[in-house]
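# Understanding the architecture of this molecule
Each chain, letter by letter, is given below.
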2 protein chains.
Amino acid sequence: MSDTTNVNPTVAVVMAGGRGTRFWPRSRNARPKQFLAIVGTETLLHQTVHRLDGHVSPERIFVVTTEDLAEETRRMLPELPPENVIVEPEGRNTAPCLALALVEIEQKIPNGVMAVLSADHWIGDRELFLADLDAAVAHAADKRELVTFGIKPTYPETGYGYIESEGQGPVLKVTAFREKPPAAVALQYLESGRHYWNAGMFVWTLADFRQGLQQHAPDVLAPLDAWVAAGARPEALADAYRQLPKVAIDVALMERASSVAVVPTRFRWSDVGSWPAAIEFQEADAAGNVSLGDTLLLDSHNCAIFGGKRFIAASGVDDLIVVDSDDALLICRRDRAQSVKDVVERLRAEGRTELL
Amino acid sequence: MSDTTNVNPTVAVVMAGGRGTRFWPRSRNARPKQFLAIVGTETLLHQTVHRLDGHVSPERIFVVTTEDLAEETRRMLPELPPENVIVEPEGRNTAPCLALALVEIEQKIPNGVMAVLSADHWIGDRELFLADLDAAVAHAADKRELVTFGIKPTYPETGYGYIESEGQGPVLKVTAFREKPPAAVALQYLESGRHYWNAGMFVWTLADFRQGLQQHAPDVLAPLDAWVAAGARPEALADAYRQLPKVAIDVALMERASSVAVVPTRFRWSDVGSWPAAIEFQEADAAGNVSLGDTLLLDSHNCAIFGGKRFIAASGVDDLIVVDSDDALLICRRDRAQSVKDVVERLRAEGRTELL
C-alpha cells in the first residue's frame, strides 16, 4: 500500500516514554532502554523509526515521550520534524499517552490511520512487518475496526497478556483480552492455536479511536478536548493531563470495545525484557560465551560479557552476566538477572541518584 | 642501636626493580607491585622506606631500581636525596643489583652495614622488625658474618627457598641454603624446627660484602670496579653492567660463603605474591566477602572485589576475584588467581602493550 496514494495515510505513533531498570547499568533514568543499542548496532528507538523508512514519511511519524527525554529523543531523530516529538507532561500509562497523540495529530492529518508502535521492542523481518502493518491498516480503514497485532506464542509465557481469537485468515476476530495467566492457563493458551501474545501494538483510524475513547473512556479524552478548545496552550497541558486517569489502553478501550480484530504477525518479535533476552540475540562461541567489546575469556563457559570502553578479562568463570558502563559495573549469575532490580532499588533507597 | 652513635651506621638498600604480573590489571610494566597500595593504604615501597623512619636517616636509605622506574621512584620518595635512587641500566637479577649498590655506597659510607630489603614485601610489627634488624646489624658488625633473615614457616610452602640452621638463640649458624623443595620435603622442613623461609633480606658490612663477592663471585664485581676506576661515568655504566652475569645473590654468594648466620624473625611477613595473598590482609564480612571501594554485594559469598573508581554491583555470585582498573577489568575464580599470568601472556602475545 503506497503512502502517497492512500486516502487514509498511515500515521505511526511510537510510544517512547519507557523507563525500565532491567538493563542497569546501561539503562538509566536519562538513558532508558529505547536509547540503548542492546540488540543490533542501532538503538531500539532508531530501529523502530527506521523500520518505517520509505513506508511512512517522516512527517507522519510521531514519537510520544516524557519531558525529560524529549530533547534527547529529538536529537536522536533529526529526520523527524521537532514538533512530531509529542511531550507528555508526565507518564500516566498508555491511554492518556495515546489520547494526547490523537488530539495532536487529528488536527494535522484528520483522515490518518494511526499505527501504535513501541520504541523498545525488537522486530525481525522488516518486510513481513510492513506487510502485516499494511494488512492491519487496510482492515482498520476498510472495516472500521480497532486492530491489534497478535504474536504467536512460542512457549507458555506468564508475563504477557493474551488475545483470544476466532476464525481464519490474515485478520481474525478478537473474542477476549486475557490478563497475564497462571502457568497452567498459559500452557492451554499455547496449545489452543487461537491465543496470541498482546504486544501492545494497535492500528485504528483516528476517527474510530476518538469514537472508541468517547464511548468507553471519555475521562481520558475530555480534559484534552477542553485543552484544545481553549487554544492548546503548551503551558496549560500539564493541568489538563493531570486530570487523566492512569490507565492502560488495553483496559480503557480494547477490553471494552465490541469490534476488535487481530492480525497474527509473521515477523519475529521480542520485547527484550532483560539481559538474558538480549543475550539471545548474540551468537555464542563454542564454550557458550557471548562477548561484546574488548574481552578475553579463558576457561570460561556460558558467560555473557557486555563490554564497554575497557578491556575485560575473565578466567575460570561460568554462567555470569557482566555488564560494563563508564561509572558502574554489574556482575551477576546468569539465572539471577532479575536481581538487577534489587540492585537498582538499593541504589534508590540509598539516594545514589548519580547511578540511576 | 642508635643511628648517630654507631661506628658502623646502618645503610638500607631497598631492591625496587621488581616487575611482577600477578597483580594485573593493577600492576603494569610502569606500575609494578611496589608502587601499589594493595596491602594497607600506603604503597609497599612507601611502607618499606617509612618502616625505617627515625631508625635509618634518609641519607643512608638507598633504593635500587631500573631506568624506566627511576623517575617515579624519586617522585614517590621526595624525602630521599635523588642520588640515593640508584639506577640499574637493566635488570640482571639480585647479585649485579647489590654489587652496583656496593660500589655506589662504599665511596660515601665505607664503614656502613648494609641491610638489603625488598620494596614489595609486607612486614607487620615494625618494632619487632627494627629489633631484629638491629640484632642482624650488630652480628654483622661484631662477628663479621654475612647475615640473612629467616621467616618461620607456617605451612609447607614449596615456592620459597629454605635456610637450614643449627644452634640456639637470636642468631643461628646457617648450615645450608635449600632450593624450593617438593611438597614432602617442605613438610619435613616445616616440622624440623630448624628451617626458615629465605625472604631475600640480608645484612653485612660493606667490607665483608666486597670480600665475599671478590672471593665467590668476582665476575659480578670486577666490571663495576673497572667502571669506578675509570671515573664512574654514568654513560659508561650500561656497558659495564652488561658484562655482569645474571645471577641471584643467593647463588652467587650466600650458598658459597662459609660463615653465614640467620636471624629468625619475630615480625609477621608476606611477599604478597598474588591476589589471594592480598585478600588475606582484608577483613571479610559475614558472607566471606572482601570488598574495597564502592561496591554492593547481594546474595554473594567468598568474593573479593578490588574496586576502582566505579561502582561495582555483584549479585548471586560466589568465589570470584574482581579487580577493577581504569582501562581493564579482571574477573577470575578465586582458586584460579594464578591464571592472571595467562591473561598477561596472552596480552603480550597479542601486542596489547597499552594493557601491560
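How each quantity is defined
Residue numbering note: each chain is counted from 1, following its sequence as written. Written order decides the labels, with chains lettered from A and ligands numbered from 1. The model is predicted, so local features are restricted to residues of pLDDT at least 70 and side-chain atom pairs to those at 80 or more, both for listing and for counting; the totals for chains, interfaces and linings are taken over all residues. C-beta atoms are first placed from the backbone for all residues, and any pair lying within 7 Å is then listed as a contact. For helices the rule is a DSSP run of H or I covering at least 4 residues; for strands it is a run of E covering at least 2, with both sets numbered from the N terminus onward. Polar here means any residue outside two lists: the nonpolar Ala, Val, Leu, Ile, Met, Phe, Trp, Tyr, Cys and Pro, and the charged Asp, Glu, Lys and Arg; Gly therefore counts as polar. Here a strand pair is declared whenever DSSP counts at least two bridges between the two strands. Overlaid copies result from least-squares superposition on C-alpha atoms, with residues included only where pLDDT is at least 70 in both. Where helices are involved, their axes are fitted lines through C-alpha atoms of the stretch in contact, as for all axes, and angles between N-to-C directions lie from 0 to 180°. Helix crossings get a hand from a simple test, with the near helix turned counterclockwise from the far one by less than a right angle marking a left-handed crossing and a clockwise turn marking a right-handed one. Roughly parallel means an angle under 35 degrees; roughly antiparallel, over 145; roughly perpendicular, 65 to 115; everything else is oblique. Values of pLDDT, the confidence the predictor places in each residue, fall between 0 and 100.

On to the interface of chain A and chain B, then. Between chain A and chain B, the residue contacts involve 26 residues of the former and 26 residues of the latter. Every element with two or more residues in the side of chain A that touches chain B is listed here: β13 (295–298), β15 (311–315), β16 (320–324), β17 (328–333) and α11 (340–349) of chain A. The greatest single-element share of the side of chain A that touches chain B, amounting to six residues, is contributed by β17 of chain A. The residue inventory of the side of chain A that touches chain B, partitioned by class, reads 16 nonpolar, three polar and seven charged. Pairing analysis gives five bridges linking β17 of chain A to strand β15 (residues 311–315) of chain B, with the strands arranged parallel. Paired with Leu330 of chain A across the two strands is Ala313 of chain B, which belongs to β15 of chain B.

This next bit is on the relation of the copies chain A and chain B. Turning chain A through 180° and shifting it by 0.1 Å along the axis lays it on chain B, with an RMSD of 0.1 Å. Expressed as a symmetry operation, the mapping of one chain copy onto the other fits a two-fold axis. Both copies share a contact surface, since 100% of the interface residues of chain A are interface residues in chain B too.

Note: strands within a sheet are paired through backbone hydrogen bonds, in either parallel or antiparallel orientation. In space, the six strands of this open sheet follow the order β12(A)-β14(A)-β16(A)-β17(A)-β15(B)-β13(B), with mixed pairing throughout. Pairing within the sheet leaves two strands with one partner each, and these edge strands are β12 (290–292) of chain A together with β13 (295–298) of chain B. The sheet shows a mean angle of 5° between the axes of neighbouring strands, direction not considered. Strand contacts of α11 of chain A: β17 of chain A together with β13 and β15 of chain B, with the helix running at about 135° to β13 of chain B, the strand carrying the most contacts.

Attention now goes to the packing of helix α3 (residues 94–105) of chain A against helix α7 (residues 218–229) of chain A. Residues and elements named next belong to chain A. Look at α3 against α7: their axes get within 10 Å of each other, and the N-to-C directions meet at 35°. Note on packing geometry: the crossing formed by α3 with α7 is right-handed. The segment α3 lies against α7, with Ala95, Pro96, Ala99, Leu100 and Val103 engaging Val220, Leu221, Leu224, Asp225 and Val228. Here the residues of the contact of α3 with α7 sort into nine nonpolar, no polar and one charged.

What follows concerns the sheet that holds strand β12 (residues 290–292) of chain B. Here we have six strands laid out as an open sheet, ordered β13(A)-β15(A)-β17(B)-β16(B)-β14(B)-β12(B), and mixed in their pairing. Each edge of the sheet is formed by a strand with only one pairing partner; in this case those strands are β13 of chain A together with β12 of chain B. Averaged over neighbouring strand pairs, the angle between their axes works out to 5° when direction is ignored. Helix-sheet contacts for helix α11 (residues 340–349) of chain B involve β13 and β15 of chain A together with β17 (328–333) of chain B, and the interaxial angle to β13 of chain A is about 135°.

A separate point is the packing of helix α3 (residues 94–105) of chain B against helix α6 (residues 206–216) of chain B. The angle between the axes and the distance between the axes are what describe a pair of packed helices. Residues and elements named next belong to chain B. In the contact formed by α3 and α6, the axes pass within 11 Å of each other and the chain directions differ by 130°. The angle between the axes of α3 and α6 places the two elements in the oblique class. Classified by chirality, the crossing of α6 by α3 is left-handed. Contact residues: α3 offers Ala99, Leu102 and Ile105, while α6 offers Leu206, Phe209, Arg210 and Leu213. Across the contact of α3 with α6, the residue classes tally to six nonpolar, no polar and one charged.

What follows deals with the confidence of the model for chain A. Residue and element names in this part refer to chain A. Across chain A, pLDDT averages 95, with 98% of residues at or above 70. In this model residues 1–5 is a low-confidence stretch, pLDDT under 50, and it forms nine contacts with partners more than four residues away in sequence or in other chains. Predicted as a complex, the structure gets a pTM of 0.87 and an ipTM equal to 0.87.

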